[in-house]
Each structure stands twice: as structure tokens, then as C-alpha cells.
Amino acid sequence: MDNVEIKIINSSANALPAYATPQAAGMDVRAALAEPVVLAPGARTLVPTGLRVELPEGYEMQIRPRSGLALKHGIAVLNSPGTIDADYRGEIGIILANLSAEPFTIAPGDRIAQMVIARYAHARWVETDQLSGTERGEGGFGHSGRK
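Note that this is a predicted model, so its numbers are computed, not measured.

**What to know about the layout of surface pockets**
- Of the pockets and cavities examined, the largest pocket occupies roughly 490 Å³.
- As for the largest pocket, its lining consists of 22 residues, and the residues nearest its centre are V4, I6, Y19, M27 and I117.
- Elements with a minimum of two residues in the lining of the largest pocket: β7 (59–64) and β12 (111–119).
- Per element, the largest residue contribution to the lining of the largest pocket is five residues, and it comes from β12.
- Of the residues contributing to the lining of the largest pocket, the split by class is 18 nonpolar, two polar and two charged.

Below, the structure is given as C-alpha cells:
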């Protein structure tokens, strides 16, 4: 596991994102709201976090849903995983969608998503007329399912 220092500006009243356990991959991020927001069934909204970061070159931040919100309330991160690029300096906003049949209230300071810091690589395409063979070959959707 790598450790990387990341500069952060926190303009919210919330604590900085933190890992819940020593081996957790994601940090919970909280809603930076002045008052509660009710998310109607089927609706979506951009929730501010009050956070701005300076990621090192070669890293991204992924915004992922919280499994408890998804299972218990049908709340999803709409563009999951959302990507924060290393050159972005604006406030991080989380697009939440209510996939349930019930309204859901997001209160100030609620944990609304997870942040995962990940390395990435840029691809250099090499055009060719042939790819190497594999056991799977061209087997697509459902190919490796039940047997």
C-alpha cells in the first residue's frame, strides 16, 4: 500500500475525509450543506463537499457510492465511479440519485460517498492487424457465467 500526501482545502464545517479502518480503500466524504436537502424518488442532485484537492501527477480520485446508502435507501452515485483528475482544482461535488420509491433526506454532514485514491497510466496505442489468442477468445457477455 502506497502513502501519498495530497493538499486539501476544506471550506466545510466537516472533518477531513478519513479511513474507517487501517485497511480501508475508501474514505467517507460528507455533505457540505447549510440545510437538509430532500431527494425525491427518481431525482438527482449535485451535493457539495466543500473540498478542493491537489492530486499529484499520475493519481486520480474516484468517487464511489456507499454500499449502506445503496442497499438501505437506493441512493447511488450517478456517474460511478466519478473521476477527479490531477489537474482539477474546483470544489468536489457528488451527483446523487434516488433510485428508490421513497424521498430521501440528505442532512448537513451526512456521509454520502467514498473517495479512493488510485494511480493511473496513459495508454500509447499500437495499431495492429492481429491480437494474441487467449482461452476466452471473443467470448463476451455471460461467457464466463454458470457452467
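Structure's up, so let's keep going.
**A word on the sheet that holds strand β2 (residues 18–19)**
- With respect to topology, five strands assemble into an open sheet ordered β2-β3-β12-β7-β9, the strand pairing being antiparallel. One side of each edge strand has no neighbouring strand; the edge strands of this open sheet are β2 and β9 (82–84).
- Strand direction decides the pairing type here: β7 and β12, joined by six bridges, are antiparallel. Paired with M61 across the two strands is I117, which belongs to β12.

**Quick look at empty space enclosed by the protein**
- Considering all chains together, one arrives at one cavity of 30 Å³ or more under this definition.
- Estimated volume of the largest cavity: approximately 40 Å³.
- Lining the largest cavity, in full, are S12, N14, A15, P17, D28, V29, R30, T49 and L51.
- No other element matches the three residues that strand β3 (residues 27–30) contributes to the lining of the largest cavity.
- Considering only residue class, the lining of the largest cavity consists of four nonpolar, three polar and two charged.

**With respect to unusual backbone geometry**
- Here the residue pair S80 and P81 is connected by a cis peptide bond, since its omega of -10 degrees sits within 30 degrees of zero.
- Position of P81 relative to the elements: it lies in the loop between β8 (75–77) and β9.

**A short note on the pairing of β3**
- As defined by bridge partners, β2 adjoins β3 across two bridges and the pair is classed as antiparallel. Bridging across to β3, Y19 finds its partner in M27.

**So, the sheet that holds strand β5 (residues 44–48)**
- Spatially, the three strands line up as an open sheet ordered β5-β10-β8, and their pairing is antiparallel. Since the sheet does not close on itself, it has two edges, and those belong to β5 and β8, each with one partner. Between one strand and the next, the sheet's axes are offset by a mean angle of 35 degrees, whatever the strand orientation.
- The pairing of β5 with strand β10 (residues 93–98) spans five bridges and is antiparallel. Within the sheet, the bridge partner assigned to L46 lies in β10 and is I95.

Calculation criteria
- Residues numbered from 1 in each chain as written.
- Predicted model: local features only at pLDDT ≥ 70, side-chain atom pairs only at ≥ 80, totals over all residues.
- Heavy atoms only, no water.
- 1 Å grid on protein atoms, 1.4 Å probe; cavity = no way out; pocket = protein on both sides within 12 Å on 5 of 7 lines; lining within 4 Å.
- Points joined across faces, edges and corners; volume = space filled by probe spheres on them.
- Helix = DSSP H or I, 4+ residues; strand = E, 2+ residues; numbered from the N terminus.
- Nonpolar A, V, L, I, M, F, W, Y, C, P; charged D, E, K, R; others polar.
- Pairing = 2+ DSSP bridges.
- Axes fitted to C-alpha atoms, helices over the stretch in contact; angles between N-to-C directions.

Shape descriptors only; they carry no functional weight alone.
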